[in-house]
Structure formats: C-alpha cells, structure tokens
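Analysis of the macromolecular model
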Amino acid sequence: MATLRVVARSLPITSHLGFLALLSVLALVALSAVGLVLALYSFYDDLLPVEGGGFIVSSYALSPLTSVVSEKRLLELLGNSTGVEFIVFSVAYVNGRAVVVRGVSPEYLAEVLGVSLSVAEHCLYVGRGLAEKLGVRRGDVLVLHSPFTGDALLALVCGIYPLPGVLNYEILADFDVARALRGVGGGYYSVAIVRGGVFEAPEHVELPLARRALLLLLERDGSTGFNVFAEVPEAYIARLGIHREAVLLLAYSAIAVVAISCPLIGYSVSLSVERCSKVLRQLGASRRSVVASLTTLVGIYVIGATALAFLALSYLRWLAGVEVLGHSISPKVSPYDATAVAVAQLVLTLLGVVRGFRELE
Amino acid sequence: MEYGSEEQSLLILRDARLGNCVPLGYGYLTLAVGGEHLQVPVVAVGSLKILEEVLHFNPVDSGEGCVGLRASVGSDLVKVLVPGSSVEVITDWGSTRLCLGYTHRNLLRRAIVVESLEEGTRVLKGPLCIATRRDLLRAVLASSIGELTSSLTLYSLVVVVLYLPILYLALRRVSWELREEFRVLRTQGVSLAELRLGFTLATTLSAGLTSIYSTALSYLVVCVGTSLLSYLGGPLLPVPQLTPENLLPAALITFASTPLSYVALKLGEG
C-alpha cells in the first residue's frame, strides 16, 4: 500500500488524467463497437415488441421484413382469433431513402394515433423522426417504390405524429398499402403477435407457410400461387446485410485498435515511473511489490475509464449511433459487456506494464 | 440463376437520375363517382404511348358516350371505377371529364394514368423514369450504404482525433528506442536542430506512407469484394469512388504526426 502511494504520488496529476483519458477513449471505442453489434442483432426484436407476454408467429424467413404468414392457417391452428394482432412489413424507397412501412389494422391506427376509423384507411402516417429526415409534411403526396414488386405507389400523408420507440422512424399505413408494397395478397401478413395465453402447439403440425425467405405465396383470382424471387439485394436489405458487415468491420477495427494501444499505454506507465521504481528498488522494495502497485494503479485507471465510457454511452447515445432503414440505432451496452471490455483492457495494458518494467530492470 | 432482373420498373423521382425519364405530373384527383367524392392517385403523362411498353394498356369498349381525356384504370381500382365509362373530375376551376378507356395491371395498379391534365388540378411535377428493377434495387442498396457512411464518417473522424494521443505515445516510444543512435550522432557533431528536423521528417513520412498504404489496401479490398459480388450476382453495386472524404482520416494522421513527433522528441530529450 505504501509502495502504491509512493508510485501514484511520483506522477503529476496531468499524467494520471492523461492515462485515464487514453484508456477512456479506448473503452469508448470498444464498448460502442460491442454495443452496436448487439443493437443491430436485436433490431428485429425492437421491431416486434411484445409487452406483457405473448409470442410472435412468423414464417421460416430471414427477417420479419421477408416473412409471410397466412391468417387462415394461423387461425385454424390457434382455434380463435382473440388477442391476435397482425403486421405487414415492407421496405420502400421514398425520397432517396429506404424506409420501413408498417401495415397495421385501422383499429390499431385509430388507437395509437387517435384518428377516426374511416380516416385511418388509405392514408400514410409518418413518425416525426422519419418525417424530418424525409422532409415531408401533412398533405404531401409520397411516392413509395417497392423493391419487392418494382411498382410505384402514390399515397397521401394524412398526418405526422411523434410516436414512441421505433414507430417514430417508420411509415404507418393500412394493410392494403403495405401488402401492395410487399407484393402479397389479401389474407397474408408478415407476422402475427399473439398476446397473452399459453400456446399449445399440436404435435406434427406443419405450417404450410413460405419455407424460404424469397418464396412468396400469392393469392390471385381465388387460387394460391407462389413466386420465387431470386433477388439477392432484397434478402440482403431484409437481413441488414450491409449494415451488419459495416458494424462488424467497425468492431474488428476497434479490437485491433485496443489490442495495439493498450500494451503501448501500459508500457508508457512503466516508463513514466522509471525513476520512482528505481529509487524504491534501491530502498529495498521488492520487485513484486512494485509490480503489484503498478498493477493496482493500472486497474484503477481501467475501472475509471470503463465507468466513464459506460456513462458516456448511456447518456450520450448519439455519440456512436448508426442509421438502419431510417431508424436511429444506438449502442446497447450492459454492465456485463462493460466488465468484459474492462477485463480485456486490463490484461492487455498489464502486458505492456510488465514488458516495460522488465526492460527497465 | 441470374440475380437482379432486367424486369422493368417505374420510378417517380424528384430529379432524373435513373433510366429513361419523361416529365410527368402526379398527385391525387377528386372524382365524382356515384354521387360521392373519391380521391384517387393519378399519374399524368404527355401521351399514353410513352408508357405503352411498360404498362401494356388494354383497350376497353367505351362506346360513343365516353368523353373527355383518355385515361387508364389500374387493376386495383377496377372495383370502384368502371372501365369504359367516363367520370367527372373536380378541379379548382369547375369540373372536367375523363374517359376510362383503358386498364393496366402490371405496374401503377392503384393509380389512374391520364393523358395530359388540364389546369386546375393539383398535381406535382417530376420525372417518371422507366428503369430496370435492378436499378431500383441498386438505389435502395445505395441508400443503405449512404445511411451508414454518413454516420460512420463522423464516428471515424472522432476516433482518429481521439487516437492522436496514442500516436504521440508511439512516437515517444520510437524516440526512446533511438536514444542511443541520437547520442552517437550528437557526439559526431550533428546539431540538435538537425536531429529534430530529421526525426520529424522521417516519422511524418512513415505515418504518411502507412496511412496511404492502409487506405489503399482498404479501398482495394472493397473494390475486389464489389467486383466479386458483381461477377457472382450481376452488377448490383458500382465500384465505390475514392473521395477526398475517404482520404481525410489518412491526411489528418499524416499532418498531425509532424507536430506530435517534434513535441515527442523534445519532451523525450529531458
């Protein structure tokens, strides 16, 4: 303890703050990369919030954006329709941006937006966050281009609302508009949310839903047909391919930066206490006690740095946010991730400390 | 299997960028149908012939009673608008009539296509581009990439700026490693100013070369990846252009390394 006090006091306060700042930057880079990867992988969970229990039925698809479920088959399976809520998702190209269009029931629109049921149909309701990005106002005519059908659809913006969560970055529409964009027929939806209750699936039930993401079931003129889409970009966008790869690259570069920098910082800590450690050794302090005091010092730096980075990311969410289909995604960091990053940083920094100390000896 | 089809697609854009474009008007028309006013999406083009190849208009027997501008009804609107009849359009100046002499079903299924539109109807002007579906998909992908680059460019610049203290530490380490060589050079009569200049120039050059090399390598990897994707799945993404914005972090590191290496050596001398 006495050795630690001497070592700590041998450094000016600016050096302490300097090392703390350097490690904080690295912790921030590492935590934001980890948080972004987690946020991106839970993007679909955020699209489908199930509050108060329940489950989501989707087809065997890459994402809710490509899933197709049949209302008839699902209700046959469930036995009743109480507490079942359907959503049709689509991606549309609007004003030079790819955005998510969420098709919901007129009842849902009336409840969430407080509009009358008759108005809720054939209209677009844009979340304020997205409206600002698109530069649209109430009464504008929007042209929605569907990457699934190649068609252009004209629709009127009937309102712009500050909506909670992800809805603020989406376009809300009725089922017809969303289905026209998604290219599915009546009676088909992207997902169904079954609220409450316990679902007992009968044994050996095979839902005859779309087996592949790019296989669409279409009902036209009373007969059900299918359409195989061989469009890789559709799937690529639907499963956030480009976004995931970019964020993974960011994570890899963050790992590389931390792996190179932490030993360098540890090495510098050893160099900066060179004179003090030599004096301590001459005064009879053991090698182990000097290394232990350096380890403790570095441990305090790392804990402080990680706490600062964690607080910065928790309160300044814009600091490392990315946009995904119009949604603003902020890093999701948990205390568990912060601990893991701190341990990795501590080990790497200590490698540098030991190396520096050995060279001095 | 071929990815990215040549199937035709219609894009109504604010500015003409893709495919073959013609001027058009688009918006909503108020029609008087069965005593009620109905708002219907409309696309107005100079001549229906322009879209004949894409929409494949089917003529409907409209009889002699069908008067007014020629229009085609999208297949999704057939339930409410009877093809072959004429409907009244309410305009700011009164009313006019449309003859629904055609139907179309492939694209613009939820709109009516009108051959020119008289004054008094509120429509927006813009180009209508006949492009392939691949062009549309490419535009959607480009939008996703744009979203990412706009957020990550700022992030990378912040990281580069925050990383400069680490560069300083690395330069301190280099100067410390070279302390013996400096001492030998000093004993042989090399002035301190010359040593500082040599060290600063050498480290700046080294930082510059490393930055240029890593930027070039990253660009090469992206180009190879894009070309490979184009080879395997059709020309979906254009080869990205190297813009000054991409070179900014490399330039920042190079220019910042000059004062940093000077300061690192000067402080290291103590």
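Residues numbered from 1 in each chain as written. Chains lettered and ligands numbered in written order. Predicted model: local features only at pLDDT ≥ 70, side-chain atom pairs only at ≥ 80, totals over all residues.

**Some words on the overall build of chain B**
We count it as follows: Under the DSSP-based scheme used, a helix requires at least four consecutive residues in state H or I and a strand at least two consecutive residues in state E, with every element numbered from the N terminus. Remark: residues whose backbone-derived C-beta atoms lie within 7 Å of one another are considered to be in contact.
Looking only at helices and strands, chain B has 5 helices and 9 strands in total. Relative to all contacts within chain B whose residues are 6 or more apart in sequence, the contacts with residues 24 or more apart total 77%.

**What to know about the overall build of chain A**
Note the cut-off: In this scheme the burial state of a residue depends on its C-beta neighbours within 10 Å: 20 or more other such atoms mean buried, 12 or fewer mean exposed, and anything in between means partly exposed; the C-beta positions come from the backbone.
Each helix and strand in chain A was counted, giving 13 helices and 14 strands. Among the 361 residues that make up chain A, the fraction classed as buried is 43%.

**Side note on unusual backbone geometry**
Unlike most non-glycine residues, A:Asn95 shows phi in positive territory, near 45 degrees. When you line up the elements, A:Asn95 lands in the loop between β3 (84-94) and β4 (97-104). Taking the C-beta count within 10 Å as the criterion, A:Asn95 has 16 such neighbours and is therefore assigned partly exposed. Despite not being glycine, B:Leu108 shows a phi value in the positive range, around 50 degrees.

**Digging into the nonpolar core**
Stated precisely, the cut-off is as follows: The nonpolar core is taken to be a set of buried Ala, Val, Leu, Ile, Met, Phe, Trp, Tyr and Cys residues joined by way of C-beta atoms within 7 Å.
A:Ala30, A:Leu31 and B:Val42 are the most contacted members of the largest nonpolar core, which totals 149 residues. Looking at this core element by element, the count peaks at 15 residues for helix α2 (residues 13-41) of chain A. Apart from the residues lying within four places of it in its own chain, the contact partners of A:Ala30 are A:Ala254, A:Val258 and A:Val341.

**Observations regarding the domain arrangement of chain B**
What counts, and what does not: An automatic or database domain assignment supplies the start and end points of every domain.
You can read the domains of chain B as domain 1 (8-132) and domain 2 (135-269). The straight-line distance from the C-alpha centre of domain 1 of chain B to that of domain 2 of chain B is 56 Å.

**A word on the interface of chain A and chain B**
It is common to report an interface's size as the accessible area lost on association of the parts. Quick note on the threshold: The nonpolar class holds Ala, Val, Leu, Ile, Met, Phe, Trp, Tyr, Cys and Pro. Asp, Glu, Lys and Arg form the charged class, and all remaining residues, Gly among them, are polar.
Counting residues at the interface gives 39 residues for chain A and 43 residues for chain B. Of the residues forming the side of chain A that touches chain B, the biggest block, 10 residues, is contributed by helix α10 (residues 241-272) of chain A. Grouping the constituent residues of the side of chain A that touches chain B by class yields 27 nonpolar, 8 polar and 4 charged.

**Some words on the packing of helix α12 (residues 287-315) of chain A against helix α13 (residues 335-360) of chain A**
For any two helices packed against each other, the geometry is given by the interaxial angle and the distance between the axes. Residues and elements named next belong to chain A. Test applied: Axes here mean lines fitted to C-alpha atoms, for a helix over just the part in contact, with angles spanning 0 to 180 degrees between N-to-C directions. Helix crossings fall into two classes, left-handed where the near helix is turned counterclockwise from the far one by less than a right angle and right-handed where it is turned clockwise.
Two elements in contact, α12 and α13, have axes separated by 9 Å at closest approach and are oriented at 145 degrees. In this structure, α12 crosses over α13, and the sense of that crossing is right-handed. Counting all contacts with α12, which are made through Val-291, Leu-294, Thr-295, Val-298, Gly-299, Val-302, Ile-303, Thr-306 and Phe-310, the residues of α13 involved are Ala-338, Val-341, Ala-342, Gln-345, Leu-346, Thr-349, Leu-350, Val-353 and Phe-357. Here the contact of α12 with α13 is built from residues that sort into 13 nonpolar, 5 polar and no charged.

**Quick notes on the confidence of the model for chain B**
The line we're drawing: Known as pLDDT, the predictor's confidence for each residue is given on a scale from 0 to 100.
With 88% of its residues at a pLDDT of 70 or more, chain B shows a mean pLDDT of 78. Reported confidence for the predicted complex is 0.72 by ipTM and 0.73 by pTM.

**Some points on α13(A)**
Definition in use: Expected helix span is computed as 1.5 Å times (number of residues minus one).
With 26 residues, α13(A) ought to run about 38 Å at 1.5 Å a step, and its terminal C-alpha atoms sit 37 Å apart, in line with that. For α13(A), every residue scored as buried is listed here: A:Ala338, A:Val341, A:Ala342, A:Gln345, A:Leu346, A:Leu348, A:Thr349, A:Leu350, A:Gly352, A:Val353, A:Gly356 and A:Phe357.

**Things to note about the confidence of the model for chain A**
It should be kept in mind that the predicted coordinates are not to be read in detail where pLDDT is low. Averaged over all residues, the pLDDT of chain A equals 77, while 82% of them reach at least 70. Per-residue pLDDT stays below 50 along residues 198-220 of chain A; that stretch engages in 51 contacts with residues further than four places along the chain or on separate chains.

**Digging into the domain arrangement of chain A**
All names here are of chain A. Taken domain by domain, chain A holds domain 1 (2-43 + 241-360) and domain 2 (63-228). Taken together, the contacts link 4 residues of domain 1 with 9 residues of domain 2. Its residues assigned to classes, the side of domain 1 that touches domain 2 comprises 1 nonpolar, 3 polar and no charged.

**Describing the environment of B:Thr187**
Its location among the elements puts B:Thr187 in helix α3 (residues 179-187). The exposed category is assigned to B:Thr187, around which 8 C-beta atoms lie within 10 Å.

**Let's talk about the packing of helix α1 (residues 2-10) of chain A against α12(A)**
All names here are of chain A. Note the threshold: Note on terminology: angles under 35 degrees are roughly parallel, angles over 145 are roughly antiparallel, angles of 65 to 115 are roughly perpendicular, and the others are oblique.
Where α1 contacts α12, the two axes come as close as 9 Å, and the packing angle between them is 60 degrees. The angle between the axes of α1 and α12 places the two elements in the oblique class. Read as a crossing pair, α1 and α12 show a hand that is right-handed. For the pair formed by α1 and α12, the contact residues are Thr-3, Leu-4, Val-7 and Ala-8 on the first element and Ser-289, Val-290, Ser-293, Leu-294, Thr-296 and Leu-297 on the second. A per-class count over the contact of α1 with α12 returns 6 nonpolar, 4 polar and no charged.

**Some points on the pairing of strand β2 (residues 20-33) of chain B**
All names here are of chain B. For the record, the criterion: If DSSP finds at least two bridges between two strands, the strands pair.
Bridging between β2 and strand β9 (residues 123-132) involves 8 bridges; their strand directions are antiparallel. Across the sheet, the residue bridging to Gly-25 is Lys-125, located in β9. Of the pairings in the sheet, the one linking β2 to strand β3 (residues 36-45) comprises 10 bridges and is antiparallel in character. By the bridge assignment, Val-33 is partnered in β3 with Glu-36. Remark: 2 residues form the turn of the hairpin made by β2 and β3, two consecutive strands paired antiparallel; Gly-34 in that turn has positive phi of roughly 55 degrees. Two elements, β2 and strand β6 (residues 86-91), share 3 bridges in a ladder whose sense is antiparallel. Its bridge partner lying in β6, Ala-32 is registered against Glu-88.

**Looking at the environment of A:Ser314**
When you line up the elements, A:Ser314 lands in helix α12. Spatially, the C-alpha atom of A:Ser314 lies 27 Å from that of A:Ile13, the residues being 301 residues apart in sequence.

**Thoughts on the pairing of β6(B)**
Where β6(B) and strand β7 (residues 94-104) of chain B come together, 6 bridges link them in antiparallel fashion. The residue of β7(B) that forms the bridge with B:Thr91 is B:Gly94.

**Here we look at the environment of B:Glu36**
Residue and element names in this part refer to chain B. Note on placement: Glu-36 falls in strand β3. For Glu-36, a count of 8 C-beta atoms within 10 Å translates into the label exposed. Glu-36 sits 148 residues away from Val-184 along the chain, and the two C-alpha atoms are 98 Å apart.

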